[in-house]
Amino acid sequence: ALYKDTTSFYSLDRELYIDEYSERIKLHSSRNVPIKDRPKYVRGNWMTMDSQIMRFRGVNLPAKTPSSPANLINTRSYDQLYESKQHVSFINRPFSLEEAPAHFQRLSYHWGFNLIRLSVSWEAVMHECPGCVDTEYLLYLKELVDMAASFGLYVMIDPHQDVWSRFTGGDGAPWWTLEAAGFDTSSSVLHDTGSAVLHQHWNDGEMPKMLWTTNYWKLATATMFTLFFAGSDYALGIPALNTTIPIQEFLHGQYLEFIDVVAAAVKDSPNVLGFGTMNEPSNGFVGVEDLTEVHSPTLHGHVLSGFDSMRLGSGESLNVSYFPSHFYHESINTLNPNAKIAYLSSDLDVWKRAGVYEIDEVSGKRNLLRPGHFSLAPGETFATKYMFPFYKKVQQVVERNNPEFVTYAEPYFDTSSVDMSPKAPLFDESSGAK
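Since the structure is predicted, the reported quantities are computational estimates derived from the model, not experimental observations.

Rules used throughout
Residues numbered from 1 in each chain as written. Predicted model: local features only at pLDDT ≥ 70, side-chain atom pairs only at ≥ 80, totals over all residues. Heavy atoms only, no water. Pairing = 2+ DSSP bridges. Helix = DSSP H or I, 4+ residues; strand = E, 2+ residues; numbered from the N terminus. Axes fitted to C-alpha atoms, helices over the stretch in contact; angles between N-to-C directions. Salt bridge = Lys/Arg side-chain N within 4 Å of Asp/Glu carboxyl O. Buried < 20%, exposed > 50% of the residue type's maximum accessible area, 1.4 Å probe, protein only. Core = buried A, V, L, I, M, F, W, Y, C linked by side-chain atoms within 4.5 Å. Contact = heavy atoms within 4.5 Å. pLDDT = per-residue confidence, 0-100. 1 Å grid on protein atoms, 1.4 Å probe; cavity = no way out; pocket = protein on both sides within 12 Å on 5 of 7 lines; lining within 4 Å. Points joined across faces, edges and corners; volume = space filled by probe spheres on them. Nonpolar A, V, L, I, M, F, W, Y, C, P; charged D, E, K, R; others polar. Lys, Arg positive; Asp, Glu negative; His and termini not counted.

1. Some points on the sheet that holds strand β7 (residues 115-120)
Here is step 1 of the chain: Taken in spatial order, the 5 strands line up as β6-β7-β8-β9-β15 in an open sheet, and their pairing is parallel. Here the strands that pair on one side only, and so sit at the sheet edges, are β6 (58-61) and β15 (406-408). On average, each strand axis in the sheet is tilted by 25° relative to the strand beside it, whichever way the strands run.
Here is step 2 of the chain: In this sheet, β7 lies alongside β6 in parallel orientation, the contact comprising 4 bridges. Residue glycine 58 lies in a different strand from β7, and its bridge partner there is leucine 115.

Following this line, the structure appears as C-alpha cells:
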C-alpha cells in the first residue's frame, strides 16, 4: 500500500544534504533505471559517477535447495537425497530466467527495492566433486545478474550456508566436504546417530520451529567448522580423505576456488557491488574449554555436550534430554539406539584420531583424554586468530577478479562469550578487509 502509486513515488524529488568530510555531498535517491556504470566505494559510502551518495533498499533472494531433482526443493522429502548428491542442479534457483523479469519488476518498480542479496551456494557451483565446476550454472547466474541490472537492481553475492550443508540439516557446502572429513553421506546415518537433525528424516510429528539451528552444536556441523577454520591447530596432521593435503588447507582451497569462479563469472557486471565472505559462519568447537559441558546458547532439541556428540558419532547409544521448545523439557530419549557410526569407518573418526578421546578395546567405554582440547590460549580470540585471515583470503580472491568489488566480512556469533564492553574492538584494521 505504501508504494501503490509507484509513478508518483519515484517522481518525488527526495534530495537531502548532509555535511560529510567537510563537503556538501548530495544524497542520491537511487531511482531504479538500468544500470550501466558501477558505483564507487568511497570511505564507507557507495557513490554515483557524479559523486552522489547512494541509498540502498535491499531484499534477500535465497536459493538454498536444488531445482533438480525437483522433489528436493521440499526439505520434507528424502527421496534421491543421497543418490543424487553428485548430480543436482541449482539452475533456475531462485527462479528461472523466464520468470525473472516479472519478479525483478515487482521488486524494483512496484516495491521500491534497488538491491538484492543473491544467495549462491558452494554446492550449486561444485556439487559433483572437488574442483568440478558447474559451468552451466555459472552461465545462468551471469544472465540472471545482468537481467537484474536492466531493472535497476544492484547485487551483493551471498556465499550462503546454514549449519554447513544439506546433509547436516541446512544448506551450503557439497557432500564431499563431509566425506573429506571422514563422515558418511551415503545414507541417513548423520541423522540416525544424532550427529545432525534433518527435516527429511524427522518422524515425530511437526518438526519444532528453528530446530535446524541446533545443528551448529552437534557433531557434524561443529566438526566441519572447526576443521574449516582451525583444522591445522586442532586436527594437526590429519589430511582430507584420499589426499595428502591437510584438511583445513583442502577445505579452504576448495572454498576459495568456489569464490574465484563465481567472481570471474560476474566480474564485468556493473551492478555487482561485491561479495560476502560466508553467511553465518560458526566457530564450531573452537573456544570450548570443557567438552563435558553443554555449549549451545539455549536448551532446544536434544541437548548434548561436545563429548556426548562425539560418543554418539562413534557408535554409542545415549539417553538425552529433549526440549521441543526453548527451555521446555519434555522427555529423555535414546539417541542412536542401533549404535551406528557417523563415519565411513571407525578409523576415520577425526577426534579419536586427534587424541581427544579413546575407546577402550575391552569395555568399549569412551574415555575423554583432552576435555580442553579446543581451548584458546589466553588473550586469543576466534575472530582475530581465524576469521580475519579468512576474510583476507576471500578479499584477495574477489579483488583479483575485479579490484572494485567490495568484500563484506561476515562475523561469527558466539553466544557463549558475548563481550559487550566498550573496550572490545569491533574491527581489526590490520586485516585489510573492507
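Here the narrative resumes.
2. Quick word on the pattern of salt bridges
Where charged atoms from two side chains of opposite charge come close, those side chains can pair.
Here is step 1 of the chain: If you walk through the whole model with that rule in mind, you get 16 salt bridges.
Here is step 2 of the chain: A salt bridge links lysine 340 to aspartate 192; the shortest N-O distance between them is 2.9 Å. Pair noted here: lysine 340 is in the loop between β12 (331-335) and α10 (350-353) and aspartate 192 is in helix α6 (residues 189-192), with a separation of 148 residues, a long-range link.
Here is step 3 of the chain: Aspartate 192 sits in the partly exposed class, given a relative accessible area of 23%.

3. Comments concerning the nonpolar core
Here is step 1 of the chain: If you look at the biggest cluster of nonpolar residues, it comprises 95 residues, and the most contacted ones within it are Phe104, Phe183 and Trp351.
Here is step 2 of the chain: Sequence-distant contacts of phenylalanine 104, that is, excluding residues within four places in its chain, are made with Leu61, Phe95, Tyr109, Ile116, Leu144, Met147, Ala148, Phe151 and Leu153.
Here is step 3 of the chain: Within the second largest apolar cluster, 9 residues are counted, among which are Trp46, Met54, Met156 and Val406.

4. Some details on the confidence of the model for the chain
Here is step 1 of the chain: Looking at the chain as a whole, the pLDDT averages 89, with 88% of positions reaching at least 70.
Here is step 2 of the chain: Under a pLDDT of 50 for its full length, residues 1-30 has, in the predicted model, 57 contacts with residues more than four places off or in other chains.
Here is step 3 of the chain: Low pLDDT, under 50, characterises residues 418-434; the predicted model gives this stretch 18 contacts beyond four residues in sequence or across chains.

5. Side note on empty space enclosed by the protein
Here is step 1 of the chain: In the structure shown here, the tally under the stated rule is 2 cavities of 30 Å³ or more.
Here is step 2 of the chain: The volume enclosed by the largest cavity comes to roughly 70 Å³.
Here is step 3 of the chain: Every residue along the wall of the largest cavity is listed here: Trp122, Pro159, His160, Gln161, Trp164, Gly172, Ala173, Tyr255, Phe258 and Met278.
Here is step 4 of the chain: Looking at side-chain class alone, the lining of the largest cavity contains 7 nonpolar, 3 polar and no charged residues.
Here is step 5 of the chain: Quantified by volume, the second largest cavity comes out at close to 40 Å³.
Here is step 6 of the chain: Lining the second largest cavity, in full, are Tyr82, Phe167, Asp184, Thr185, Ser187, Leu190, His191 and Leu198.
Here is step 7 of the chain: Of the residues assigned to the lining of the second largest cavity, the class counts are 4 nonpolar, 3 polar and 1 charged.

6. Section: the side chain of aspartate 171
Here is step 1 of the chain: Here aspartate 171 lies in the loop between β8 (154-159) and α5 (175-180).
Here is step 2 of the chain: An unpaired buried charge is present at aspartate 171: no salt bridge exists, and lysine 64, the closest side chain of opposite charge, is 4.5 Å distant.
Here is step 3 of the chain: Sequence-distant contacts of aspartate 171, defined by excluding residues within four places in its chain, comprise Lys64, His160, Gln161, Asp162, Trp164, Ser165 and Arg166.

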